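What follows is the residue order along each chain.
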Amino acid sequence: MAIRITEGEPGLGKISNERFMKWSSVIATMATTVIALTALITVYLTITAWKVQQNTSRPYFVLKESPIVDLNNELSLELKFNNVGVHPAVNLSSETIVFDDRLSGNPIHHDESAIVNEISKDASSSLVMIIPSDEINPKQTNINAQYVVVDLQYDDPILSKSFNQTIYMKWNGVLEGKLQPTVHVRVEEKAKILEYFKKHDIDPKIRS
C-alpha cells in the first residue's frame, strides 16, 4: 500500500509568525504608553505637592487681635498683624482706606506706609490709622459706622515671589457713647465697597 504524505498549506506558518509579531508590537507599544503616562502622572502629582507645600510655607498675615480703637484727641485705629507663615516677609507695604458705611462722600482716610525690616515667622507688625478731628470728632456721642480696607503687599525672599492680601473690615462706630466692635464685612457688603472704589477711581492694589 502506498502512503501519501501531504505537505502543509504553503505560507501558513509565515502568516502566523507575522500576526504574532504584530500583536507583540501592539502590546509593547501599549506597555510603553502606560509607563509614559504613569511617569507623567507621577511628575504632575510631585509638582502639585510641591506647589501645595510652597503655599503652606509662604508668609501670610492675620490679625493678631481685634483692632484697637482710640477716641482721645483724634480717632485712631490700630491693627496688629502676625506672620503665621513659615517664611519671612520683606518689603511689606500697606494701603489703608477708611470711609463711611453709607458710601457717601470721599474717604476720610487714604494713606500708604511701608516697613523695611524683615518680618519673620510669628513676628508681629502694627499699623495705625489716625483720622483727623475735622473728619470725625471723637467726642461725639454717636459716630457712624466706617468701612476699613487694608491692602498688604510683600515679598517672600525664599520663593522670590510677591503676594497680596486685601482685608475688608467694618468698625461699627459709637452708639450713645458706647464704642461698637469691629467685624469682617459680609459678601454683599464687599460688592458695594468695590462699586464705591470704582466710582471714586480707587484701586487699593496700586501704590503711588
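These notes cover the structure that comes with them. (Residues numbered from 1 in each chain as written. Predicted model: local features only at pLDDT ≥ 70, side-chain atom pairs only at ≥ 80, totals over all residues. Heavy atoms only, no water.)

### Side note on the overall build of the protein chain
To be explicit about the condition: The helix count covers DSSP runs of H or I at least four residues long, the strand count covers runs of E at least two residues long, and both are numbered beginning at the N terminus. Contacts are assigned to residue pairs that have any heavy atoms within 4.5 Å of one another. Only the protein chains shown count as covering a residue, and every accessible area follows the Shrake-Rupley method with a 1.4 Å probe.
Regarding its fold elements, the protein chain presents 2 helices and 11 strands. Counting helices and strands in the order they occur from the N terminus, the protein chain gives α-β-β-β-β-β-β-β-β-β-β-β-α. Taking contacts inside the protein chain between residues at least 6 apart in sequence as the whole, the part at least 24 apart equals 66%. Per element, the accessible surface of the protein chain, about 13,800 Å² overall, is 56% carbon and sulfur.

### Digging into the packing of aromatic side chains
Selection criterion: Only the six-membered ring of Trp is used, alongside the rings of Phe and Tyr, when aromatic pairs are assigned; centres must lie within 6.5 Å, and planes under 30 degrees apart are stacked while those over 60 apart are edge-to-face, with the rest tilted. Per-residue accessibility, obtained with a 1.4 Å probe over protein chains only, is compared with the maximum for each type, and a residue is labelled buried under 20%, exposed over 50%, and partly exposed between these values.
Under the counting rule described, the total for this entry stands at 6 aromatic pairs. Between Phe61 and Tyr154 the ring centres are 5.0 Å apart and the planes differ by 75°, which places this aromatic pair in the edge-to-face class. One end of the pair, Phe61, is in strand β1 (residues 61-63); the other, Tyr154, is in strand β7 (residues 146-156), and 93 residues separate them in sequence. The class of Phe61 is buried, set by a relative accessible area of 2%. For Tyr154, a relative accessible area of 1% gives the class buried.

### Details of the pairing of β7
Filter applied, for reference: A strand pair is defined by DSSP finding two or more bridges across the two strands.
Judged by how many residues are buried, β7 sits mostly within the fold: 9 of 11 residues are covered. Bridge analysis of strand β4 (residues 90-100) against β7 gives 9 bridges, and the strand direction is antiparallel. Across the sheet, residue Val90 finds its bridge partner in β7, namely Asp155. Relative to strand β8 (residues 161-171), β7 runs antiparallel, the two sharing 11 bridges. Bridging from a neighbouring strand, Val148 pairs with Met169 of β8. Here β7 folds back onto β8 in antiparallel fashion, the turn holding 4 residues, of which Ser160 has a positive phi close to 55°.

### Topic: helix α2 (residues 187-199)
Keep this limit in mind: Expected helix span is taken as 1.5 Å per residue step, with the number of steps being one fewer than the number of residues.
Under the 1.5 Å per step criterion, the end-to-end length of α2 is 19 Å for 13 residues, consistent within 8% with the ideal 18 Å. For α2, the elements touching its buried residues are β4, β7 and β8. Trailing α2 by a residue or two, Asp201 shows a phi angle of about 55°, which is positive.

### Considering the pattern of salt bridges
Applicable threshold: Between Lys or Arg on one side and Asp or Glu on the other, a salt bridge is scored when a side-chain nitrogen of the former is within 4 Å of a carboxyl oxygen of the latter.
This model, assessed by the stated rule, comprises 7 salt bridges. One salt bridge connects Arg102 with Asp100, and the closest N-O pair in it is separated by 2.9 Å. Between Arg207 and Asp151 there is a salt bridge, with its nearest N and O atoms 3.0 Å apart. Taken as a pair, Arg207 in the segment after α2 and Asp151 in strand β7 lie far apart in primary sequence, 56 residues in all. Here the residues in one salt-bridge network are Asp101, Lys170, Arg186, Glu188 and Glu189, joined through shared partners.

### What about the side chain of His109?
Quick note on the threshold: As used in this structure description, the phrase polar contact means that two N or O atoms lie within 3.5 Å; if the pair is within protein, one of them must be able to donate a hydrogen and the other to accept it, and residues adjacent in sequence are counted only when both atoms belong to side chains.
Structurally, the position occupied by His109 is in strand β5 (residues 109-115). Using a relative accessible area of 10% as the deciding quantity, one classes His109 as buried. At a separation of 3.0 Å, a polar atom in the side chain of His109 contacts the side chain of Thr96. Residues contacting His109, with those up to four places away along its chain left out, are Thr96, Ile97, Val98, Met129, Ile130 and Ile131.

### As for the nonpolar core
Our working rule: Among buried residues, the Ala, Val, Leu, Ile, Met, Phe, Trp, Tyr and Cys ones that are joined through side-chain atoms within 4.5 Å form a nonpolar core.
With 26 residues, the main nonpolar core has Phe61, Phe81, Val150 and Leu152 as its most contacted residues. For this core, the secondary-structure elements that each account for two or more residues are β3 (75-83), β4, β6 (124-131), β7 and β8. Ignoring anything within four residues of it in the chain, the contact list for Phe81 reads Phe61, Val62, Leu63, Lys64, Ala123, Ser124, Ser125, Leu127, Val150, Leu152 and Ile167. Counting 10 residues, the second-largest nonpolar core is a separate cluster that includes Val149, Tyr168, Val185 and Tyr196.

### Some remarks on unusual backbone geometry
Positive phi is not limited to glycine here, since Asn91 has a value of about 55°. Mapped onto the fold, Asn91 is located in strand β4. We classify Asn91 as partly exposed; its relative accessible area is 48%. Here Leu103, not a glycine, exhibits a phi torsion of approximately 60°, which is positive. Note on placement: Leu103 falls in the loop between β4 and β5.

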